[in-house]
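# Chains, contacts and geometry: an overview
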Amino acid sequence: MTLPDGLVAAFAPGRRATTVEAVGGGHINRTVLVGLDDGRRVVLQRVNRRVFPAPVALAANLVRVGAAAAAARVRTPVLLPARDGGRLWWDPAGAPWRAYDELPGVVADPLPDDAAAGAVAAELGRFAAACRVIEPGDLAVTIPRFHDLPDRVAALRAAAAADPAGRLAGCRADLDGCLALVDAVTATELWAAWAALPVRVAHNDAKAANVLVDAAGRPTGVLDLAT
C-alpha cells in the first residue's frame, strides 16, 4: 500500500516505514498500521471529510476527551502531534490525516462469554464517568443531529412517503413495526420528560467492537470517540 509522500515524516520525523498494513472493519475513515524503523507501530488514519466536515474541531474534541479519560486511567487512542505542532497533516489532495500510537489488544466481537461482556460494559461505564468533567459546550458537534431520535424518525417517515427507490412494498411490515415501536415509546411518561433531561457527554457508539481487550479478556482501550 502506498502512503502519501511526507505522511510518515509528518508524525514521526526522521523515521522510516518498514511495514504498512491496511486495518479493516471501519466504514468511514481509511486506516493503516505502520511499523517504523525504531520498532514503534503507529496508526495513521485519513479522516473522511464528507462525514466529518470539521476535522480540526474533531481533533480538538479527541484531545479534550482523551485527557479526561487519561485522568481517570481509561486508555484511549492519543493523537500524536504533527511536525507543524497541530494534530493533523494534510496530504497533497487536501485530505486530513491523524496518527496514534498503537494500543495493545484486539477487538473481541462477538464477545466470548458473559464475563467478557461485563468487563467491556464496565470499561465503557468508566469512560462515561470520566467524561463527566467535560462541559458539553466545550466540545464541537461533529455530526449535527446524529443521535437525534425525533429527527431520525421524521427522516424515516419522509423517506417512506417518498419511496425514492421503490422498495417500500418489500419492507412495509418492518417499517410498520418500527413506527409502532416509536409510537409506543413516545407515548410514555419518560419520553415526555426527555426534553428536560440534562445534556451530557457520552460515547454514542458504545459497543463491544469499540473496546480493545487483552488475551484474558481485560479491556485495554476504548476506541472511536468521534461522535
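Structural notes, computed from the coordinates. (Residues numbered from 1 in each chain as written. Predicted model: local features only at pLDDT ≥ 70, side-chain atom pairs only at ≥ 80, totals over all residues. Heavy atoms only, no water.)

## Focus: the pattern of salt bridges
Within the structure shown, the criterion is met by eleven salt bridges. Note that aspartate 101 is salt-bridged to arginine 40, the shortest N-O span being 3.0 Å. You can see aspartate 101 sitting in strand E5 (residues 96-101) and its partner arginine 40 sitting in the loop between strand E2 (30-36) and strand E3 (41-46), a full 61 residues away along the chain. Given a relative accessible area of 37%, aspartate 101 falls into the partly exposed group. The closest approach of N and O atoms between lysine 207 and aspartate 205, which form a salt bridge, is 3.8 Å. Take lysine 207: its relative accessible area is 41%, and that puts it in the partly exposed class. Judged by its relative accessible area of 25%, aspartate 205 is partly exposed. Here the residues in one salt-bridge network are Arg15, Asp37 and Asp38, joined through shared partners. (Salt bridge = Lys/Arg side-chain N within 4 Å of Asp/Glu carboxyl O. Helix = DSSP H or I, 4+ residues; strand = E, 2+ residues; numbered from the N terminus. Buried < 20%, exposed > 50% of the residue type's maximum accessible area, 1.4 Å probe, protein only.)

## Re the pairing of E2
Of all the seven residues making up E2, six are buried; the element is thus mostly covered by neighbouring parts of the structure. Two elements, strand E1 (residues 17-22) and E2, share five bridges in a ladder whose sense is antiparallel. Within E2, the position partnered with valine 20 by the bridge is valine 34. Here E2 runs beside E3; their pairing, made up of six bridges, is antiparallel. Bridge assignment links valine 34 to a residue of E3, and that residue is valine 42. (Pairing = 2+ DSSP bridges.)

## Topic: the side chain of asparagine 210
Note that asparagine 210 resides in the loop between helix H6 (189-193) and strand E7 (211-213). Among the polar contacts listed, one links the side chain of asparagine 210 to the backbone oxygen of aspartate 205, at a separation of 2.9 Å. Discounting residues that sit within four places of it in the chain, asparagine 210 has contacts with His203, Asp205, Gly221, Val222, Leu223 and Asp224. (Polar contact = N/O pair within 3.5 Å; in protein donor to acceptor, adjacent residues only side chain to side chain. Contact = heavy atoms within 4.5 Å.)

## With respect to the environment of valine 34
Structurally, valine 34 is set in strand E2. Once the C-alpha coordinates of valine 34 and valine 8 are considered, the two residues, 26 residues apart in sequence, prove to be 8.6 Å apart. Excluding anything up to four places from it in sequence, valine 34 contacts Leu3, Val8, Ala17, Thr19, Val20, Arg40, Arg41, Val42 and Leu44.

## Things to note about helix H2 (residues 55-71)
Here H2 spans 24 Å end to end across 17 residues, near enough to the 24 Å set by a 1.5 Å rise per residue. In the core, the buried residues of H2 are packed alongside strand E4 (89-90), E5 and helix H3 (114-130). Looking one or two residues past H2, arginine 73 carries a phi angle of roughly 60°, positive in sign. (Expected span 1.5 Å × (residues − 1).)

## A closer look at the sheet that holds E3
Taken in spatial order, the five strands of this open sheet run E1-E2-E3-E5-E4, and their pairing is antiparallel. Two strands in the sheet have a free side with no partner beyond their single neighbour: E1 and E4. One ladder, built from five bridges, connects E3 with E5; its direction is antiparallel. Bridging from a neighbouring strand, leucine 44 pairs with alanine 99 of E5.

## Let's talk about helix H4 (residues 149-162)
Taking 1.5 Å of rise per residue, the 14 residues of H4 would be expected to cover 20 Å, and the 20 Å separating its terminal C-alpha atoms lies within 8% of that figure. Residue aspartate 163 follows H4 closely and has a positive phi angle near 45°.

## A word on the nonpolar core
If you look at the biggest cluster of nonpolar residues, it comprises 27 residues, and the most contacted ones within it are Val65, Phe127 and Ile134. Counting only elements with at least two residues in this core, the list comes to H2, H3 and E7. With six residues, H2 is the largest single contributor of residues to this core. The contacts of valine 65, once residues within four sequence positions are left out, are Phe127, Cys131, Ile134, Leu139 and Leu225. Residues Phe11, Val32, Val42 and Trp89 belong to the second largest nonpolar core, which totals 17 residues. (Core = buried A, V, L, I, M, F, W, Y, C linked by side-chain atoms within 4.5 Å.)

## Concerning the sheet that holds strand E6 (residues 106-107)
Spatially, the three strands line up as an open sheet ordered E6-E7-E8, and their pairing is antiparallel. One side of each edge strand has no neighbouring strand; the edge strands of this open sheet are E6 and strand E8 (219-222). Pairing geometry for E6 and E7, over two bridges, is antiparallel. Bridging from a neighbouring strand, valine 106 pairs with valine 213 of E7. Set on the sheet, H3 makes contact with E7 and E8; between it and E8 the angle comes to about 45°. (Axes fitted to C-alpha atoms, helices over the stretch in contact; angles between N-to-C directions.)

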